[in-house]
Amino acid sequence: VSSTQKWVLNDSRIDKFLNENPPENLTKNNFFFLTRILYIYVIPFSRVIFYYLKQFFISGNKNKKMITSLILHSGRGYDTNNIQKVFQINTNEMYLIYAFSRTDYMKYEKLSIFILLRNLAKAIADYKSVLTMKFPDEIIGILYGNTANISVFTYLISFFQQLKEKHPGCTVYSVGAILPSHAAILSEFKTINIYHGLMEKINLSTYPEYDSVYVYSYDERKYLIDTGIKSKVLIYPMMTAESHKNIAIFFMPAIGSHKIDWSVFSESFSSLTKLFKTFDCDVYIKVHPLAKASKKFSKEYNLQPYNWDEIFDLSNFKYVDGSDGASIINKLKPNFVISWASTALCEALNMGLIPITLWDTRWDASESVYPINKRALLWPSEMEIIQDLLEDKSIYDDVVEMLKTR
């Protein structure tokens, strides 16, 4: 979750708050007049003044004569790969900004105090209008705890308004940056959402009205259309593999801030590997690109890399490098792509190759849109199908079609 997204008011956050803060502990009467003044006026004003002063201490990039593209990235390092696949971006006419760092924006634009204070006044007015709505006391309490968004959004909307005056023909490409996307859209920029992985379910009330959204699958496209979003929903173009080799690629999970006991999969991992080797299948392993994330990004999100050699027997594996799953699949042309819930499983099926998931029936799909348990063979539940595929290549295309439609 991005540092901006964690402030978004949504059903899950409200539920969590109510469980931790029973209604009798939080009422409007708890908020005295001076506290309201502090949270709604003083703190946001102080933050905006801080942003205004700070920008003059940030070394700026030389202004380019024309900017036709602004990319808001999430800092992962591989999240912008899809943009170049779909769009012809002129790097000489491009800004690349880490979406969740005000300092990064400050490198490109120095904002006037007038535009900041004007937008601060409007943001406060909008915020107060929300407080007048008849929300339960508990929700009002959450809103008071989120006044940081007043100053953040003030800065963002000011940035995009000033950019719009200088570069009116610019297109904004957003990689999961919700709040900056809202600011860009309100500033009348054409804004395109570029998913860098399989999407999760959205909250339509907070989802930006993008010009268009790019996803990986028909399942995701149908989901977004059914929710009623007004954006054009497009699927990334994928080339069908015209041929494939006796190769299996294992895409390892992303590193995380908490330990997961992956050793529980040791037996199934080993048994599947042995089955492939029985049929003289070459096995490759692809470590998640976050394993090479910058120190700054890793520290910010407390990422802890796994040592897969200590968890699984990888003695027969060959390592393959690269940050783009589709490119790796297209290069090696494997028979099988294996993972737990990787986007590579979807990419493989799009290319006419067979994905296998090691989650089996334990996959929790409550927040997932793409039904991996339907679009991939389950190991070990469907081991007979996989063994039949290894023995009889003639049924391969039939199984691919089955996965696409079941």
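How each quantity is defined
- Residue indices begin from 1 for each chain and proceed along its sequence in written order.
- Two thresholds apply to this predicted model, a pLDDT of at least 70 for residue-level local features and 80 or more for giving and counting side-chain atom pairs, whereas whole-chain, interface and lining totals are computed over all residues.
- Just so you know, side-chain values use all the structure's heavy atoms and leave hydrogens and water out.
- A run of H or I in DSSP becomes a helix once it reaches four residues, and a run of E becomes a strand once it reaches two; helices and strands are each numbered from the N terminus.
- Buried residues are those whose accessible area, probed at 1.4 Å on protein chains only, stays under 20% of the maximum for their type, while exposed residues exceed 50% and partly exposed ones sit between those limits.
- Should any heavy atoms of two residues lie within 4.5 Å, those residues are considered in contact.
- Centre distance within 6.5 Å is the pairing criterion for rings of Phe, Tyr and Trp, where only the six-membered ring of Trp is used; planes under 30 degrees apart are then read as stacked, over 60 as edge-to-face, and the remainder as tilted.
- In this scheme, Lys NZ or Arg CZ marks a charge over a ring once it lies within 6 Å of the ring centre and within 35 degrees of the ring normal.
- Strand pairing follows a simple DSSP-based rule, namely that at least 2 bridges must link the two strands.
- Here an angle of 0 to 180 degrees is reported between the N-to-C directions of two axes, which are lines fitted to C-alpha atoms, with helices fitted over the stretch in contact.
- Just to be clear on terms, a salt bridge is a Lys or Arg side-chain nitrogen sitting within 4 Å of an Asp or Glu carboxyl oxygen.
- Roughly parallel refers to an angle under 35 degrees, roughly antiparallel to one over 145, roughly perpendicular to one between 65 and 115, and oblique to any angle outside these ranges.
- Here a crossing is taken to be left-handed if its near helix is turned anticlockwise relative to the far helix by less than a right angle, and right-handed if that turn runs clockwise.
- Each residue is assigned to one of three groups, with Ala, Val, Leu, Ile, Met, Phe, Trp, Tyr, Cys and Pro labelled nonpolar, Asp, Glu, Lys and Arg labelled charged, and all others, Gly among them, labelled polar.
- Known as pLDDT, the predictor's per-residue confidence is scaled from 0 to 100.
- Handedness is read with the strands pointing away from the viewer; a crossover is right-handed when the path from the first strand over the helix to the second is clockwise.
- Polar contacts, as counted here, are pairs of nitrogen or oxygen atoms within 3.5 Å of one another; within protein the pair requires one atom able to donate a hydrogen and one able to accept it, and residues that are adjacent in sequence qualify only if both atoms are side-chain atoms.
- Throughout this description, the term nonpolar core refers to a set of buried Ala, Val, Leu, Ile, Met, Phe, Trp, Tyr and Cys residues connected via side-chain atoms within 4.5 Å.

Trainee: An account of the side chain of Asn335 is requested, with residue identities and associated values reported.
Mentor: In this structure, Asn335 sits in strand 10 (residues 334-339). Under the relative-accessibility criterion, Asn335 is labelled buried at 3%. Setting aside residues no more than four positions away along its own chain, Asn335 makes contact with His244, Lys245, Asn246, Ile247, Ile354, Lys393 and Tyr396.

Trainee: Help me get a handle on the packing of aromatic side chains, residues and values and all.
Mentor: What the rule picks out here adds up to 26 aromatic pairs. Here the aromatic rings of Trp308 and Phe312 are separated by 5.9 Å at their centres, their planes lie at 5°, and the arrangement is stacked. Assigned by exposure class, Trp308 and Phe312 land together as buried. A cation sits over an aromatic face here: Lys164 above Phe189, 5.0 Å from the ring centre.

Trainee: So what's going on with the environment of Leu198? Residues and values would help.
Mentor: Along the chain, the position of Leu198 falls in the loop between strand 4 (190-194) and strand 5 (212-215). Taking the C-alpha atoms as reference, Leu198 lies 7.8 Å from Val369; in sequence the two are 171 residues apart. Not counting residues within four places of it along the chain, the set of residues in contact with Leu198 comprises Tyr216, Glu220, Ala341, Ser342, Thr343, Cys346, Tyr370 and Ile372.

Trainee: How would you sum up the sheet that holds strand 7 (residues 245-251)? Please name residues and give values.
Mentor: Sheet architecture is open: six strands sit in the order 9-8-7-10-11-12, paired in parallel fashion. Looking at the sheet topology across the chains shown, the edges are occupied by strand 9 (317-319) and strand 12 (377-378). Contacts from helix 13 (residues 325-332) reach strand 7, strand 8 (282-286) and strand 10, with the element oriented near 160° to strand 7.

Trainee: So what's going on with the pattern of salt bridges? Which residues, and what values?
Mentor: Counted under the stated rule, the structure contains eight salt bridges. Here Lys232 ties to Asp211 by a salt bridge, and the two come within 3.2 Å at their closest N and O atoms. Of this pair, Lys232 sits in strand 6 (residues 232-235) while Asp211 is found in the loop between strand 4 and strand 5, placing the two residues 21 residues apart along the sequence. For Asp211, a relative accessible area of 28% translates into the label partly exposed. For the salt bridge of Asp219 with Arg375, the shortest nitrogen-to-oxygen distance reads 3.0 Å. Placement of Asp219 in helix 9 (residues 218-227) and of Arg375 in helix 15 (residues 372-375) is noted, with a sequence separation of 156 residues between them. Exposure remark for Arg375: the relative accessible area of 10% places this residue in the buried category.

Trainee: Can you break down the packing of helix 13 against helix 14 (residues 343-350) residue by residue, with the values?
Mentor: Here helix 13 crosses helix 14 at 45°, and the two axes come no closer than 9 Å. On the basis of their axis angle, the class for helix 13 and helix 14 is oblique. The element helix 13 and its partner helix 14 pack so that their crossing is right-handed. Between helix 13 and helix 14, the contacting residues are Gly325, Ala326 and Ile329 on the first element and Ala344, Glu347 and Ala348 on the second. Residue composition of the contact of helix 13 with helix 14, grouped by class: four nonpolar, one polar and one charged.

Trainee: Outline the confidence of the model for the protein, supporting the account with residue identities and numerical values.
Mentor: Mean pLDDT for the protein: 84, with 81% of residues reaching 70 or above. In this model residues 1-19 is a low-confidence stretch, pLDDT under 50, and it forms 35 contacts with partners more than four residues away in sequence or in other chains. Note that pLDDT drops below 50 for residues 21-32; the model gives that stretch 14 contacts with residues more than four away or on any other chain.

Trainee: Account for the side chain of Gln55, with residues named and values stated.
Mentor: Its place among the elements puts Gln55 in the loop between helix 2 (33-54) and strand 1 (69-73). Given the relative accessible area of 0%, Gln55 is considered buried. Contact partners of Gln55, with chain neighbours within four places excluded, come to Met106, Glu109, Lys110 and Leu111.

Trainee: An account of the pairing of strand 4 is requested, with residue identities and associated values reported.
Mentor: Along strand 4, four of the five residues are buried, which leaves the element largely enclosed by surrounding structure. As judged from the four bridges shared by strand 3 (residues 171-174) and strand 4, these two strands associate in the parallel manner. Bridge assignment links Thr171 to a residue of strand 4, and that residue is Lys190. The parallel pair strand 3 and strand 4, bridged by helix 8 (residues 178-186), forms a crossover whose chirality is right-handed. One ladder, built from three bridges, connects strand 4 with strand 5; its direction is parallel.

Trainee: Could you give an account of the environment of Thr343, with specific residues and numbers?
Mentor: Assignment of secondary structure puts Thr343 in helix 14. Residues Thr343 and Tyr216, spaced 127 residues apart in sequence, show a C-alpha to C-alpha distance of 8.2 Å. When residues no more than four places from it in sequence are discounted, the contact partners of Thr343 are Gly197, Leu198 and Tyr216. Looking at Thr343, its side chain comes within polar contact range of the main-chain nitrogen of Leu198, at 3.2 Å.

Trainee: Provide a residue-level description of the nonpolar core, including the pertinent values.
Mentor: The biggest cluster of nonpolar side chains holds 77 residues, and the ones touching the most others in it are Phe250 and Phe276. Look past the residues within four positions of Phe276 in its chain and what remains in contact with it is Ala248, Phe250, Cys281, Val283, Phe336, Ile338, Ile356 and Leu390. Ile67, Ile97, Leu111 and Leu116 belong to the second-largest nonpolar core, a separate cluster that totals 38 residues.

Trainee: Can you lay out unusual backbone geometry for me, pointing to particular residues and giving the numbers?
Mentor: Glycine aside, negative phi is the norm for most residues, and most peptide bonds take the trans geometry. Across the junction of Trp379 and Pro380, the peptide omega takes the value 10°, indicating a cis bond. Checked against the element boundaries, Pro380 lands in the loop between strand 12 and helix 16 (383-391). In this structure, Glu188 takes a positive phi of about 70° despite not being glycine. Mapped onto the elements, Glu188 comes out in the loop between helix 8 and strand 4.

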